[in-house]
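Okay, here's what each chain looks like letter by letter:
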Amino acid sequence: MALNTAINLGLKVPKEFSVIAFASKSDSNHTIPPKLTTIRQHAKEIGVSAAQMLIARMQNLPASADVKTKIVKTSIVKNKSTL
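The shown structure was predicted, so the numbers you read here are calculated from the model rather than taken from an experiment. The numbering scheme is per chain: residues are counted from 1 as the chain's sequence reads. Only residues with pLDDT of 70 or above have their local features reported here, since the model is predicted, and side-chain atom pairs are shown and tallied only from 80 upward, although totals for entire chains, interfaces and linings are computed over all residues. As a convention, hydrogens and water are excluded, and side-chain values are obtained from all of the structure's heavy atoms.

Draft legend 1. A look at the overall build of the chain. Going along the chain from the N terminus, every DSSP run of H or I of four or more residues is numbered as a helix, and every run of E of two or more is numbered as a strand. Across its full length, the chain carries 3 helices and 3 strands. Reading the helices (α) and strands (β) of the chain from amino to carboxyl end gives α-β-α-β-α-β. Buried positions account for 19% of the 83 residues belonging to the chain. Only the protein chains shown count as cover for residues, and the accessible areas themselves come from Shrake-Rupley with a 1.4 Å probe. Total accessible area on the chain stands at roughly 6,600 Å², and carbon and sulfur atoms take up 61% of it. Only protein chains enter the accessibility calculation, which uses a 1.4 Å probe; a residue whose area is less than 20% of its type maximum is buried, one above 50% is exposed, and one in between is partly exposed.

Structure follows, in structure tokens:
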């Protein structure tokens, strides 16, 4: 929506207005200009890690065990909506 509004206001993307979004690869192909720059969150890796940690906790850990945090790094997919 921000991208379309900027274009409707006459702003030049990405020269005067850049957009980065959290989106899937297919979403980025359906914008104007085509190929929105996106941040990929790697949902499959997050889901696998969450499931593995839940199963391990249910099978092995006592109820008083510490909670774990696992960071799954994101990546930027630079396309035509940014310089």
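Draft legend 2. Just the environment of Ser 75, in detail. Considering the arrangement of structural elements, one finds Ser 75 in strand β3 (residues 75-77). Excluding residues that lie within four positions of it along the chain, Ser 75 makes contacts with Thr 38, Ile 39, Arg 40 and His 42. Two N or O atoms count as a polar contact when they lie within 3.5 Å, although within protein this holds only if one can serve as hydrogen donor and the other as acceptor, and sequence-adjacent residues are included solely when both atoms are side-chain atoms. Looking at Ser 75, its side chain comes within polar contact range of the side chain of His 42, at 3.0 Å. Any two residues having at least one pair of non-hydrogen atoms within 4.5 Å are treated as being in contact.

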